[in-house]
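Spelled out from the first residue to the last, the chains are:
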Amino acid sequence: MENKKELVGEKATHIERWLRKHKLQYTAATKHPFFYSIHDGSIDSSSFKTWLEREYVCVKSAFAPFAASVLLKARKESTDSSDVEVVLAGLGYLNDEICWLKEEAPKWHISLTSVVVDNKPVLDYFRFFERLTSSDVKYAEAVTILWAVQLVYHNGFGYCLEEGNNTPEEMKEGCKIWGNESFKQYCQSLENIANSRLEEASDEEVSKIEILILEFFENVVHFWSVNLVKT
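Small disclaimer: the values here were computed from a predicted structure and weren't measured.

Each helix and strand in the protein chain was counted, giving eleven helices and zero strands. Relative to the 2.2 N^0.38 estimate, which gives 17 Å for 231 residues, the radius of gyration of the protein chain is 18 Å and therefore close to what a compact globule would have. Here the protein chain, with 231 residues, has 50% of them falling under the buried criterion. Of the contacts made within the protein chain by residues no fewer than 6 positions apart, 84% connect residues no fewer than 24 positions apart. Total accessible area computed for the protein chain in this model is approximately 11,500 Å², and 51% of it derives from carbon and sulfur atoms. A gap of 2 Å separates the mean positions of the 26 positive and 36 negative side-chain charges of the protein chain.

This is the structure in structure tokens:
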């Protein structure tokens, strides 16, 4: 089916074209068995517990520093002051997540201070974000990846809250962190920023960012998958 924008003669954005072009990879990330198992209530409690542990380490050690680096790049490189406000709002969601993870840990008998991550797919996922904190990474690259990450989390966990779900009650609160309407609007704001930066980027830069998006999809799919393996 043709895109509505194309029917009325409006040019599709880079992001819209990428999501169509790489639909399989995007779907693999957002409609992963990890989310299906939460949605239908079949997820093994040990899998969810393992994800909680790894998610905490990821946020604290890799994703939060990456998000902070995007904020610094927005302040230095963006000509629109509202960019800083949008990215800063995202740090608030990260704080909500960390607080929720700390509250959940005792319920699942997890000691967050003693979590050891030595699984290669998980380490690769962490290193992907660590690499993007470099000062050599441009704002357009960083903010577009930030958008991609938040969109995957929103659509993935949002699916677990859709009508007809059998998501266990003890997991719904976590799903709401990313699956709510406010977070959806935040993702849209990030997409607007990313599209604006992509329009100003060179063809070479756009191609580089597209490759990074695919690398993220690959890494996050492995991250979901490894949490479904019983340990």
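So, on to the state of the cysteines. Following the criterion strictly, the structure yields zero disulfides and no others. There is no disulfide at C58, and the cysteine sulfur nearest it, in C187, is 16 Å away. Its sulfur unpaired, C175 is 4.3 Å from the next cysteine sulfur, which belongs to C160. The exposure class of C175 is buried, given its relative accessible area of 1%.

Moving on, we get to the pattern of salt bridges. Any two side chains of opposite charge can pair, so long as their charged atoms come close to each other. Under the counting rule described, the total for this entry stands at eight salt bridges. One salt bridge in this structure joins K120 and D124, with 2.7 Å as the shortest N-O distance. In this pair, K120 and D124 both sit in helix α7 (residues 120-132), four residues apart, roughly one turn of the helix. K120 sits in the exposed class, given a relative accessible area of 57%. When its relative accessible area of 26% is taken as the criterion, D124 is described as partly exposed.

Right, let's get into the environment of G156. Tracing the chain through its elements places G156 in helix α8 (residues 139-159). Counting along the chain gives 14 residues from G156 to A142, while the straight-line C-alpha distance between them is 21 Å. Setting aside chain neighbours within four positions, we find G156 in contact with T30 and F35.

Let us now look at the UniProt feature "domain: Thiaminase-2/PQQC" (unreviewed entry) in the protein chain. The sites that UniProt annotates as "domain: Thiaminase-2/PQQC" (unreviewed entry) are residues 21-225. Taken end to end, residues 21-225 has its terminal C-alpha atoms 23 Å apart, with 80% of it in helix and 0% in strand.

Another aspect to go through is the packing of aromatic side chains. A complete count under the given rule lists 31 aromatic pairs for this structure. Ring centres of F216 and F217 lie 5.9 Å apart, and the angle between their planes is 45°; this geometry places the pair in the tilted category. Residues F216 and F217 agree in their burial class; the two are buried.

Here we come to the environment of A74. Locating A74 in the fold gives a position in helix α5 (residues 45-77). You can call A74 buried: its relative accessible area is 1%. Sequence-wise, A74 and E85 are eleven residues apart; in three dimensions their C-alpha atoms are separated by 9.4 Å. Discounting residues that sit within four places of it in the chain, A74 has contacts with D83, V84 and Y139.

Moving on to empty space enclosed by the protein. Under the definition given, this model contains one cavity of 30 Å³ or more. As a volume, the largest cavity reaches approximately 100 Å³. What lines the largest cavity is a set of 15 residues, among which F63, L94, E97, Q150 and W178 lie closest to the centre. Within the residue set of the lining of the largest cavity, elements represented by two or more residues are α5, α6 (82-107), α7 and α8. Considered class by class, the residues forming the lining of the largest cavity number eleven nonpolar, two polar and two charged.

Here we take up the nonpolar core. Counting residues in hydrophobic clusters, the biggest one holds 79 residues, and the most contacted among them are W51, F129, F157, F216 and W224. Other than its neighbours up to four places away in sequence, F157 contacts F34, F35, I38, W51, C175, W178 and W224.

Turning our attention to unusual backbone geometry. Backbone geometry at H109 places phi at a positive 60°, although glycine is not the residue there. The topology assignment puts H109 in the loop between α6 and α7.

What counts as what
- Residues numbered from 1 in each chain as written.
- Predicted model: local features only at pLDDT ≥ 70, side-chain atom pairs only at ≥ 80, totals over all residues.
- Heavy atoms only, no water.
- Helix = DSSP H or I, 4+ residues; strand = E, 2+ residues; numbered from the N terminus.
- Rg over C-alpha atoms; globule rule 2.2 N^0.38 Å.
- Buried < 20%, exposed > 50% of the residue type's maximum accessible area, 1.4 Å probe, protein only.
- Contact = heavy atoms within 4.5 Å.
- Areas by Shrake-Rupley, 256 points an atom, 1.4 Å probe, with all protein chains shown as cover.
- Lys, Arg positive; Asp, Glu negative; His and termini not counted.
- Charge placed at Lys NZ, Arg CZ, Asp CG, Glu CD.
- Disulfide = S-S within 2.5 Å.
- Salt bridge = Lys/Arg side-chain N within 4 Å of Asp/Glu carboxyl O.
- UniProt positions renumbered as here; feature names shortened; annotations may be inferred.
- Phe/Tyr/Trp six-rings, centres within 6.5 Å; stacked < 30°, edge-to-face > 60°.
- 1 Å grid on protein atoms, 1.4 Å probe; cavity = no way out; pocket = protein on both sides within 12 Å on 5 of 7 lines; lining within 4 Å.
- Points joined across faces, edges and corners; volume = space filled by probe spheres on them.
- Nonpolar A, V, L, I, M, F, W, Y, C, P; charged D, E, K, R; others polar.
- Core = buried A, V, L, I, M, F, W, Y, C linked by side-chain atoms within 4.5 Å.

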